[in-house]
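Observations on the model geometry
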Amino acid sequence: MSSLQSKAWTWGYMIAGDMPGEVPFVGRSHCSLETAAAYLGTPNVVFMNSNHDRGTLTPEHLDPLAGCERVICGLQHGAYAETARQVSALSRTRRNIVGGLIDDYLDFHGPSAKMTPEETRAVYEALKSENDALRLTVVRYTWQDQADLLPYLPYLDAINLWVWVGNTYDWQVRMSAELERIGRLTGKPILLGLFLHDYGGTGGPMPMDVLEAQFQKAVACARSGLIEGFVILQSGWLDREDHRPQAQWVQQYLHWAYGTTTGR
């Protein structure tokens, strides 16, 4: 496996039971997380079922991910510390679990909007309670002021950064400088988020010019070491006919990028 491929992650949901199944923010889908990761060739996954319900941290949902190199588990909104403690315990037997994630961290309209540094510390300590090596990752957006993170930095391990309203200028011209600035400010590794669906813009599939700019920048930054890796959101879109051009382009592009990056 090339060093570039080892930096790739797929974000999504396990579908337990019959297909198709309900996937949050998508609807019905035939594509479960482990299938999406195999299709895109990403060895790592962000398991988000537990972001909505920590009761999904079960063998039924996690066993299909046993072949993944690394798994990050979403932490349930409203029960971050409780979920983190559960993830910590699971990681003792499920060795590929490497951390927990708080989605939409300190987002003005989200569940963690008013979260304090001390509350974050409680989550951080719960996550490491049975496995010191686990990392707490938080989702942030480029529209947010990352200086707001300064009081929280002792209790954060990594930042998952996203561009909510995508455009080619931000990706092609501004992104490298923004990543460098955030890296200097926080001292934390960055996982760069890549959307297949244009949630913040058209509400449909990501326009192809923006999609291509996202992935080209992510691969370049991963190769140079400016970012620790990149995360593709999300599994549930891959089987949708209206997202087929995006899914097929991404698979082909990553196959080319992995196959032409020598892993040493």
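Structure: see above.
Everything numeric here is computed off the predicted structure, so don't read it as measured data.

1. Notes on the overall build of the protein
Across its full length, the protein carries eight helices and ten strands. On C-alpha atoms alone, the protein measures out to a radius of gyration of 17 Å, which is about the 18 Å that the 2.2 N^0.38 rule sets for 264 residues. The 264 residues of the protein split such that 55% are buried. In the form shown here, the protein has an accessible surface area of approximately 11200 Å², with 50% of it arising from carbon and sulfur atoms.

2. With respect to the sheet that holds strand E8 (residues 158-162)
Pairing is parallel in the closed barrel, where eight strands are placed in the order E1-E4-E5-E6-E7-E8-E9-E10. Within the sheet, the average angular offset between the axes of one strand and its neighbour, ignoring direction, is 25°. As defined by bridge partners, strand E4 (residues 44-47) adjoins strand E5 (residues 70-74) across four bridges and the pair is classed as parallel. Opposite Asn44, over in E5, you have Arg70 as the bridge partner. The sheet strands contacting helix H4 (residues 80-90) are E5 and strand E6 (97-102), and the helix crosses E6 at an angle near 170°. Across the sheet, helix H6 (residues 168-186) touches E8 and strand E9 (190-195), and the angle it forms with E9 is around 150°.

3. A word on the packing of aromatic side chains
Within this structure, the stated rule accounts for 14 aromatic pairs. The interplanar angle of 85° and the centroid separation of 5.8 Å between the aromatic rings of Tyr105 and Tyr152 together place this pair among those described as edge-to-face. Residue Tyr105 is found in the loop between E6 and helix H5 (117-127), and its partner Tyr152 is found in the loop between strand E7 (135-141) and E8; the two are separated by 47 residues along the sequence. Summarising the burial analysis for this pair, Tyr105 and Tyr152 share the class buried. Ring geometry for Phe195 and Tyr199: centres 5.6 Å apart, planes at 65°, overall edge-to-face. Looking at Tyr199, the relative accessible area reads 25%, which means it is partly exposed. By the ring-pair criterion, three or more aromatic residues cluster together here, those being Trp11, Phe108, Tyr141, Trp143, Trp162, Trp164, Phe195, Tyr199 and Trp237.

4. Quick notes on the layout of surface pockets
Quantified by volume, the largest pocket comes out at close to 380 Å³. Lining the largest pocket are 20 residues, with Phe25, Asp103, Asp104, Tyr141 and Trp164 sitting closest to its centre. Where the lining of the largest pocket is concerned, the elements lending two or more residues are helix H2 (49-52) and E7. When its residues are assigned to classes, the lining of the largest pocket shows twelve nonpolar, five polar and three charged.

5. Some details on the pairing of E8
Most of E8 is tucked away, with five of its five residues classed as buried. Both faces of E8 are covered, namely the face carrying Ala158, Asn160 and Trp162 and the face carrying Ile159 and Leu161. Where E7 meets E8, five bridges bridge the pair, whose relative direction is parallel. Residue Val138 lies in a different strand from E8, and its bridge partner there is Ile159. Note: E8 against E9, three bridges, orientation parallel. Paired with Ile159 across the bridge in E9 is Ile190.

6. Describing the pairing of E7
Taken across its seven residues, E7 has six buried, putting it largely inside the fold. Here E6 runs beside E7; their pairing, made up of four bridges, is parallel. Residue pairing across strands places Gly99 opposite Arg135, the latter belonging to E7. What joins E6 to E7 is H5, and the crossover it makes is right-handed.

7. Structural notes on helix H7 (residues 208-224)
With 17 residues, H7 extends 24 Å from end C-alpha to end C-alpha; this agrees with the ideal 24 Å at 1.5 Å per step. All buried positions along H7 are accounted for by Val210, Leu211, Ala213, Gln214, Phe215, Lys217, Ala218, Val219, Cys221 and Ala222. Of the surrounding secondary structure, the elements contacted by the buried residues of H7 are H6, E9, strand E10 (229-233) and helix H8 (244-259). Within two residues after H7, Gly225 carries a phi angle of roughly 90°, on the positive side.

Rules of the game
- Residues numbered from 1 in each chain as written.
- Predicted model: local features only at pLDDT ≥ 70, side-chain atom pairs only at ≥ 80, totals over all residues.
- Heavy atoms only, no water.
- Helix = DSSP H or I, 4+ residues; strand = E, 2+ residues; numbered from the N terminus.
- Rg over C-alpha atoms; globule rule 2.2 N^0.38 Å.
- Buried < 20%, exposed > 50% of the residue type's maximum accessible area, 1.4 Å probe, protein only.
- Areas by Shrake-Rupley, 256 points an atom, 1.4 Å probe, with all protein chains shown as cover.
- Pairing = 2+ DSSP bridges.
- Axes fitted to C-alpha atoms, helices over the stretch in contact; angles between N-to-C directions.
- Contact = heavy atoms within 4.5 Å.
- Phe/Tyr/Trp six-rings, centres within 6.5 Å; stacked < 30°, edge-to-face > 60°.
- 1 Å grid on protein atoms, 1.4 Å probe; cavity = no way out; pocket = protein on both sides within 12 Å on 5 of 7 lines; lining within 4 Å.
- Points joined across faces, edges and corners; volume = space filled by probe spheres on them.
- Nonpolar A, V, L, I, M, F, W, Y, C, P; charged D, E, K, R; others polar.
- Right-handed = clockwise from strand over helix to strand, strands pointing away.
- Expected span 1.5 Å × (residues − 1).

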